[in-house]
Each structure stands twice: as C-alpha cells, then as structure tokens.
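Report on the structure
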Amino acid sequence: MIKYLLQKEFLQIRRNSFMPKIIFIFPIMVMCVMPWVMNQEVKNIRVDVVDIDRTTQSQQLLHQIEHSNYFIFNGQKATYQEALRDIETAQADIILEIRDGRYLIAANAVNGTKGSIGSSYLTQIVAPLSSPHGGKSDSGNSYISSPKERTGGGLLILYNKGQNYKVFMIPALMGILMMMLCGFLPALNIVGEKEKGTIEQINVTPVSKWIFILAKLIPYWLIGLLVLTVCLLLSWAVYGITCQGPLWLVYLLAILLALFFSSFGLIISNYSDTMQQAMLVMWFFVVCLMLLSGLFTPTRSMPSWAYLTTYVNPMHYFIDAIRTVFVRGGTFQHIAYQVYALFAISFFMAFWAVRSYRKNN
C-alpha cells in the first residue's frame, strides 16, 4: 500500500510546475549567495579625520586608514563640528580627532555592532602610535596590523585558522534548508489537500494513519537528504570547504532534524484549516526557533530566561553539533548529548503528529 502512496506523492511533486523548480533553485541560491552576505565581519567603516596637529606621525596614520581593508577614508574635516554633521547625516561612521598628540575616537552607535567594532579596529591602529615607542618596533620599523593579524600574547587558533566566516555559516545554512524543505512543504501539502477536498478520499480508505503519514513525509526526507548532498558538493566546489569530521554524522543530524520539522509541520497542518493559517503559524515558530538557536549570535549572550529555551530547541542542538563535526572534526562522542536530545525531541514530535492526525473511517 505504501508503495502506491509514495508513487502518488512523487507524481504530485513532479506535476507541480513550481515545486521542482524551487527545490532545485533554492539550495543553489542559498549556498552560492548567502555565505557572502551573511557575514558579521564589519568592513567599509567610513572615517572622518580632524587633524589639528598635521604632524608627520598623523599623516602616517591617515595613510594607514586609507590603505586599510576595514575603513573608507571619508576625507579630512576642518573642525569636529563639521565631522559631526557627517555623522548626523549618516555620511560617516567614526570621527578621529588628532589634537596635541592625543586621539579622540567618536563613533555613531545607532548601529551598535558597527560602532563598537569599528572603534575597536581604529583603536588597534591608534594605540601603537600612543605608546612610548611611538608606533615603532625595536628595529625602528612602523607596525600597524589589521585586527586579524593581532594574534599575539600566545593566542593559538585551533579551528578555522583563516577565521573565514563562511566556514561558520555554511553548516547553519544546511540546517535552514532542511528546516524549510522538510518543515514547510509537508505542512503545506497536507493543508492544500484539505482545501481541495482530496484528503477526504484518503480518510475513507482502510489506509492506517502511520502509512499515510509516512507516505507524506518520506518524499520530503529524501529531497532533504538530496539537497544536503548538493550543499556539501557546492561547499567543496565553490568555497573549497569540506567537512572535517565523519560525513555520516552530518547525515544523521540532518535526518533527525528533518524528522522534527516534518512532524512539527504535520502537527500544524492537523490543526489548520487553510494554507494561509498553516503558513503564518509555521513561520512564527520557525523564526523563533532559528533566532534562539545560536545560529547568528552566541546563546550565552542571551538573558537567562531566554537561554532556558535552548534546552527544548532542536535547532540549537543541530547547530551546535553540526558545527562541531563540520568545523572541528568532532566524532560521535563529542556530539552524543546533542544527538540524544535531538532524537528525544524529534520522536516526541513524531508521536504527537500521528496522535493529532484525525482520520475518519
């Protein structure tokens, strides 16, 4: 029986003029575009300089800012008030005033991240010039390094030694793709059949709930694993980034995440009457799970009450585990806790999904 139901599902997907295209194009766009734009490294910081001293040292500092990859030299201003007007009109991000051998850094903190990190970058350039050596090393050569080059003091980078942000984001993007394909598509499929009335024809047949639900979910699990394989190939072909740990762990984590989101989508479809209702409810929970997972920001930076949500957030366990395997080369022993937690949450949701499905015999 399940064989014919699976054939029906694959035929429906193939005959849909839009679905195969989005399944093919979506992962390619996410993997080829998002790693470039989802970058929290702050660059292109526009700097206004108010140089009252006009010394040789201050001119050297200006040249360092001009040739930095992190700053855009926005020009010299005659007074601090003139530079402040650029800040107020969003034409500059930071003001550097040089007066009597002292350096004043004023940053636009409307964007707090850009203001604080930009000020930190500029401080690293200015600090050596304010030192007793006047920006000179023991050999007499000027030293002003970029923020990435400052790894002194015994700092040893064990993983992602190039500090490439793409290495950090690519595993998370794989999780987002699994979440979207294995969560939204099954939910919308079932609600779509409710709206068309075709699901009533299934409900009056002797097909059990388990077989019907498996027939609905298996095609999207297979699609999700195929998309994951495409993502791994694109990561290697486009960025030269490969998984440092066992690949079977990546697939195991993806299967557990797919089980959770497909079950979650099924639960929402069971309680929804229209596709619009299912879409809005699904989107609400997905955004919350994604933002509270540590995908973009460290979970330890959250308030204590918000951090408690990570204990029941499967996306948090997935992101933590896949980055351990993909970036650090971790083994099963390193992610056993995350795997067991993800397994427990996923199978609880699967049980709920089957129980909540109402079949009229």
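Everything that follows concerns the structure shown earlier in this document.
So, a few notes on the structure that sits alongside this text. Remember, it's a predicted structure, so these values are computed and weren't measured experimentally.

Thresholds, definitions, all that
Residues numbered from 1 in each chain as written. Predicted model: local features only at pLDDT ≥ 70, side-chain atom pairs only at ≥ 80, totals over all residues. Heavy atoms only, no water. Helix = DSSP H or I, 4+ residues; strand = E, 2+ residues; numbered from the N terminus. Buried < 20%, exposed > 50% of the residue type's maximum accessible area, 1.4 Å probe, protein only. Contact = heavy atoms within 4.5 Å. Areas by Shrake-Rupley, 256 points an atom, 1.4 Å probe, with all protein chains shown as cover. Axes fitted to C-alpha atoms, helices over the stretch in contact; angles between N-to-C directions. Parallel < 35°, antiparallel > 145°, perpendicular 65-115°, else oblique. Left-handed = near helix turned anticlockwise from the far one by under 90°. Nonpolar A, V, L, I, M, F, W, Y, C, P; charged D, E, K, R; others polar. Core = buried A, V, L, I, M, F, W, Y, C linked by side-chain atoms within 4.5 Å. Pairing = 2+ DSSP bridges. Polar contact = N/O pair within 3.5 Å; in protein donor to acceptor, adjacent residues only side chain to side chain. Phe/Tyr/Trp six-rings, centres within 6.5 Å; stacked < 30°, edge-to-face > 60°. Lys NZ or Arg CZ within 6 Å of the ring centre and 35° of its normal. Patch = residues over 30% accessible without salt bridge, like charges linked within 9 Å, V, L, I, M, F, W, Y side chains within 5 Å. Salt bridge = Lys/Arg side-chain N within 4 Å of Asp/Glu carboxyl O.

**Some remarks on the overall build of the protein**
Broken down by element type, the protein carries 13 helices and four strands. Here the protein, with 361 residues, has 45% of them falling under the buried criterion. Intrachain contacts of the protein at a sequence separation of at least 6 include 74% that bridge at least 24 residues. Of the accessible surface of the protein, which amounts to about 19000 Å², a share of 62% is contributed by carbon and sulfur atoms.

**Notes on the side chain of Glu-97**
Secondary-structure assignment places Glu-97 in strand S3 (residues 94–99). With sequence-adjacent residues up to four places away left out, Glu-97 is seen in contact with Val-50, Tyr-80, Arg-102, Tyr-103 and Leu-104.

**Let's talk about the packing of helix H6 (residues 165–196) against helix H12 (residues 314–326)**
Two elements in contact, H6 and H12, have axes separated by 9 Å at closest approach and are oriented at 140 degrees. Taken together, the axes of H6 and H12 lie oblique to each other. Along this stretch, H6 crosses H12, giving a crossing that reads as right-handed. Contacts between H6 and H12 involve Phe-168, Met-169, Ile-170, Pro-171, Ala-172, Met-174, Gly-175, Ile-176 and Met-179 from the former and Met-315, Phe-318, Ile-319, Ile-322, Arg-323 and Phe-326 from the latter. Looking at the contact of H6 with H12 residue by residue, the class counts come to 13 nonpolar, one polar and one charged.

**Let's talk about the nonpolar core**
Met-174, Leu-253, Phe-261, Leu-295, Met-315 and Phe-326 are the most contacted members of the largest nonpolar core, which has 78 residues in total. Ranked by residues supplied to this core, first place goes to H6 with 17 residues. If we ignore the near neighbours within four places in the chain, the residues touching Leu-295 are Phe-168, Met-169, Ala-172, Ile-176, Met-290, Met-315, Ile-319 and Arg-323. Of all hydrophobic cores here, the second largest spans 17 residues; its members include Leu-61, Tyr-103, Leu-122 and Val-126.

**Section: the pairing of S3**
Taken across its six residues, S3 has five buried, putting it largely inside the fold. Two elements, strand S1 (residues 45–51) and S3, share five bridges in a ladder whose sense is parallel. Residue pairing for S3: Asp-48 is matched across the bridge by Ile-95. Pairing of S3 with strand S4 (residues 102–107) involves six bridges; the strand directions are antiparallel.

**Side note on the environment of Trp-36**
Here Trp-36 lies in helix H2 (residues 19–37). Classification of Trp-36 as exposed rests on a relative accessible area of 53%. As for Trp-36 and Met-169, which are separated by 133 residues in sequence, their C-alpha atoms are 9.6 Å apart. Trp-36 has contacts with Lys-166 and Tyr-239, leaving out every residue within four places of it along the chain. A polar side-chain atom of Trp-36 sits 3.5 Å from the main-chain carbonyl oxygen of Cys-32.

**Structural notes on the environment of Arg-358**
Mapped onto the elements of the fold, Arg-358 is located in the segment after helix H13 (332–356). You can call Arg-358 exposed: its relative accessible area is 54%. Expressed as a C-alpha distance, the spacing of Arg-358 and Tyr-271, which sit 87 residues apart in the sequence, is 9.7 Å.

**Things to note about the packing of aromatic side chains**
Summed over the entire model, instances satisfying the criterion amount to 13 aromatic pairs. Between Phe-343 and Phe-347 the ring centres are 4.4 Å apart and the planes differ by 40 degrees, which places this aromatic pair in the tilted class. Here Phe-347 and Phe-343 lie together in helix H13, a separation of four residues that amounts to about one turn. With relative accessibility at 42%, the residue Phe-347 sits in the partly exposed group. Each member of the aromatic cluster is reached from another via a ring pair, and the members are Phe-260, Phe-261, Phe-264, Phe-284 and Phe-285. Just above the ring of Trp-36 sits the side chain of Lys-166; from NZ or CZ to the centre is 4.0 Å. Between Arg-323 and the ring centre of Phe-168, over which it is positioned, the NZ or CZ distance is 3.6 Å.

**Quick look at the sheet that holds S1**
Strand pairing in a sheet relies on backbone hydrogen bonds, with the paired strands running either antiparallel or parallel. With respect to topology, four strands assemble into an open sheet ordered S2-S1-S3-S4, the strand pairing being mixed. Strands with a single pairing partner mark the edges of an open sheet, and in this sheet they are strand S2 (71–76) and S4. The average angle at which neighbouring strand axes cross in this sheet is 25 degrees, direction not considered. Contacting S1, S2, S3 and S4, helix H4 (residues 80–88) crosses the sheet at an angle of about 170 degrees to S3.

**Overview of a nonpolar patch on the surface**
Where nonpolar side chains cluster on the molecular surface, the patch consists of Phe-24, Ile-25, Met-29, Val-33, Met-34, Trp-36 and Val-37 and spans about 710 Å² of accessible area. When you line up the elements, Val-33 lands in helix H2.

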